[in-house]
Amino acid sequence: VAYLVATDAATELAAEKDSMGEAEARLTLARAMLASDNVPGALVLSEKATELAAQSGDRVTKLDAAVVAAIVASKSGKLADAITQLAAAQKDARGAGMISTEYDARLALGETQIAAGRKNDGRATLKALAQDAKSHGFGLVAQKAQAVVAGLAAANASATAPPSAS
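Caption draft 1: Representation of unusual backbone geometry in the model. Look at Asp37: it is not a glycine, yet its phi comes out positive at around 60°. Structurally, Asp37 is set in the loop between α2 (19–35) and α3 (39–56). Judged by relative accessible area, which is 64%, Asp37 ranks as exposed.

Below is the structure:
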């Protein structure tokens, strides 16, 4: 249902020549595509949203588009590029006081660092994020970061556990 609403919104906003609104709708759709592991679909939507965000000149939308584009890069296996893009987006969002966007970038950065084999960096990024997010009332972000760290710890424990005698 949300996907259909966002699709309708993107179509309507395109007809109205509302580049910022259309970019935001397409970013919502790209995130939905990522959640369902449709990376090619997310890539197309992200590219269009980035173009529209640039046209709009809206800083918030441009940074959100940068984060989504970096997540798409990460899911496409372009981990080094994604890490660079996410670190830059995090820094820009922090400088602009956009805490939600900063936290989105940091969460994706930690996950991407882990995927790239930089487990210690990813763990440190996510632990710091969990503390910061919790202290600023972003409980869901803190829980997501903690869950990734816990999953990493569980994976490490099972990898180093001696084989069970069966």
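So, next bit.
Caption draft 2: View of the packing of helix α5 (residues 79–96) against helix α6 (residues 99–115). Put simply, α5 and α6 touch, their axes get as near as 8 Å, and they point 155° apart. Overall, the two elements α5 and α6 adopt an arrangement that is roughly antiparallel. Helix-helix and strand crossings are classified by hand; for α5 and α6 the assignment is left-handed. Contact with α5, carried on its side by Leu79, Ala82, Ile83, Leu86, Ala87, Ala89, Gln90, Ala93 and Arg94, involves Thr101, Glu102, Ala105, Arg106, Ala108, Leu109, Thr112, Gln113 and Ala115 of α6 and no other residues of that element.

Caption draft 3: Quick peek at the pattern of salt bridges. Evaluation of the coordinates by the stated rule reveals 7 salt bridges. Taking the shortest distance from any N to any O, the salt bridge between Lys48 and Glu51 comes out at 3.4 Å. Remark: Glu51 and Lys48 occur in helix α3; sequence separation between them is 3 residues, near one turn of the helix. What makes Glu51 partly exposed here is its relative accessible area of 41%. When the shortest N-O distance is used, the salt bridge between Glu102 and Arg106 registers 3.4 Å. Of the two residues, Glu102 and Arg106 both sit in helix α6, 4 residues apart, roughly one turn of that helix.

Rules behind the numbers
Residues numbered from 1 in each chain as written. Predicted model: local features only at pLDDT ≥ 70, side-chain atom pairs only at ≥ 80, totals over all residues. Heavy atoms only, no water. Helix = DSSP H or I, 4+ residues; strand = E, 2+ residues; numbered from the N terminus. Buried < 20%, exposed > 50% of the residue type's maximum accessible area, 1.4 Å probe, protein only. Axes fitted to C-alpha atoms, helices over the stretch in contact; angles between N-to-C directions. Parallel < 35°, antiparallel > 145°, perpendicular 65-115°, else oblique. Left-handed = near helix turned anticlockwise from the far one by under 90°. Contact = heavy atoms within 4.5 Å. Salt bridge = Lys/Arg side-chain N within 4 Å of Asp/Glu carboxyl O.

Purely spatial values, then, with no claim about function.
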